[in-house]
Amino acid sequence: MNLIFLGAPGVGKGTQAKMFSSQLYWPHISTGDILREAVRQATPLGLEVKHYMEGGELIPDQLVINIVKERLEASDTFKGFILDGFPRTVEQAEALEEFLSSKKRPLDAVLYFEASTEEIVTRLTGRRSCRSCGAIYHVVYQPPLNQDRCDKCGGWLYQRSDDQEETVRHRLKVYEAQTTPLISFYEEKGLLRKVQAAGSVEGVHSLVKKILGLA
Ligand code: AP5
C-alpha cells in the first residue's frame, strides 16, 4: 500500500509508522528523520536546514520535495511505502501527486491522526529518541527499561531540541497554518481516513489495522 500518515507533531505518526514498517516491510519514509540525520552529519543539506528545524519552522518546499522524490525512486518503495511528515503543505502535496501519477503509483489512503493539543504537548515534552536506531520512547507512556539507554540496541536516548515546550507550541501553530489545509485536500479526493489517536499505542495500532483492512 502507498500511504501517508498525516497529523500534528507528536500525535504518534512515527510510532505507528515504525510498527507497521517492521511488521509489513513497507519502508517508513520520515522526512524529519532524514533531515535530522543530515544535521547530525553536518552535510550541506544539514547545515542549510538546521536553523529551520531548531526553530520549529518548515524547511523550504523544494528542498523536501526533492528529497522525497529521490527516495521514492528507490526500488524498495515500489511495493508500498509509508510517508510520515510529508507532505506538509499544499505545494508538497501537489508535487507528490504529480510525481506518483507520472509513475502510475497512486496513493491508497491518507491516515489522519487526531488528538487534543494538551495530549500532544504531553507526548512531545516527554519523548525520548534513540540516537542510534531512532526508536521512540516516552518517559511515562513508553518508558525504556534503563532510563538513558535504548531497549532495542543499547544506544543513548536523547531529547530532541525542538521538543522544548515553547518550540512545541510554535510547531503546533505552524501545523495549523500550513498543514491542516491538507485535510480537506485529501478529503476531497476520497483518500482521508480519520484515526482517533488519543488511546494507547496498541489501541491506535489496532484501529489503523482495522481501517486498512489488516485486522
Ligand atoms: P518531524 O520529525 O516530521 O516532526 P513532526 O511531524 O513534528 O512529528 P514528530 O516526529 O514530532 O511526531 P510524531 O507524530 O511522529 O510522534 P511520535 O510517534 O514520535 O519534523 C521535524 C522538523 O523537520 C519540522 O519541524 C521541520 O522543520 C522539518 N520537516 C520535516 N518534514 C518536513 C516537510 N515535509 N516540510 C518541511 N519541513 C519538514 O510520538 C510522540 C511521543 O508520544 C513519543 O514519546 C511516543 O512514545 C508517544 N506516543 C506515541 N503514540 C502514543 C500513544 N498512542 N499514547 C501515548 N503516547 C504515545
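Summary of the structure given here. (Residues numbered from 1 in each chain as written. Predicted model: local features only at pLDDT ≥ 70, side-chain atom pairs only at ≥ 80, totals over all residues. Heavy atoms only, no water.)

### Concerning the overall build of the protein
- Each helix and strand counted, the protein has nine helices and eight strands in total.
- Taken over the C-alpha trace, the protein has a radius of gyration of 16 Å; the compact-globule value for 215 residues is 17 Å, and the two agree within 12%.
- By principal-axis analysis of the C-alpha atoms, the protein measures approximately 45 × 45 × 35 Å.
- For the protein, the residues scored as buried account for 47% of the 215 residues in total.
- A sequence separation of at least 24 residues applies to 69% of the contacts in the protein between residues at least 6 apart.
- When the accessible area of the protein is evaluated, it comes to approximately 11,000 Å², of which 51% is carbon and sulfur surface.
- Mean positive and mean negative side-chain charge positions of the protein (27 and 28 charges, respectively) differ by 5 Å. (Helix = DSSP H or I, 4+ residues; strand = E, 2+ residues; numbered from the N terminus. Rg over C-alpha atoms; globule rule 2.2 N^0.38 Å. Buried < 20%, exposed > 50% of the residue type's maximum accessible area, 1.4 Å probe, protein only. Contact = heavy atoms within 4.5 Å. Areas by Shrake-Rupley, 256 points an atom, 1.4 Å probe, with all protein chains shown as cover. Lys, Arg positive; Asp, Glu negative; His and termini not counted. Charge placed at Lys NZ, Arg CZ, Asp CG, Glu CD.)

### What to know about the site of the ligand
- Lining the immediate environment of the ligand, one finds 36 residues, of which Thr 15, Glu 57, Arg 127, Gln 142 and Arg 171 sit closest.
- Arg 36 places a side-chain nitrogen or oxygen 2.9 Å from an oxygen atom of the ligand.
- One of the side-chain nitrogen or oxygen atoms of Gln 142 is found 2.6 Å away from an oxygen atom of the ligand.
- In the complex, 97% of the free accessible area of the ligand, which totals 1,100 Å², lies under the protein chains.
- Breaking the shell around the ligand down by element, the ones donating at least two residues are helix H1 (13-24), helix H2 (31-40), helix H6 (117-125), strand E6 (136-138) and helix H9 (201-211).
- Top element by residues in the shell around the ligand is H2. It accounts for four residues.
- When grouped by side-chain class, the residues that make up the shell around the ligand number 15 nonpolar, twelve polar and nine charged. (Near = heavy atom within 4 Å. Polar contact = N/O pair within 3.5 Å; in protein donor to acceptor, adjacent residues only side chain to side chain. Nonpolar A, V, L, I, M, F, W, Y, C, P; charged D, E, K, R; others polar.)

### Points about the pattern of salt bridges
- Counting across every chain of the model gives 14 salt bridges.
- A salt bridge links Lys 189 to Glu 97, with the shortest nitrogen-to-oxygen separation between them at 3.0 Å. You can see Lys 189 sitting in the loop between helix H8 (181-188) and strand E8 (192-196) and its partner Glu 97 sitting in helix H5 (residues 90-102), a full 92 residues away along the chain.
- For Lys 189, a relative accessible area of 38% corresponds to the partly exposed category.
- A salt bridge links Asp 163 to Arg 171, with the nearest nitrogen and oxygen atoms 2.9 Å apart.
- Three or more residues joined by partner-sharing salt bridges are found here, namely Arg 127, Arg 160, Asp 162, Asp 163 and Arg 171. (Salt bridge = Lys/Arg side-chain N within 4 Å of Asp/Glu carboxyl O.)

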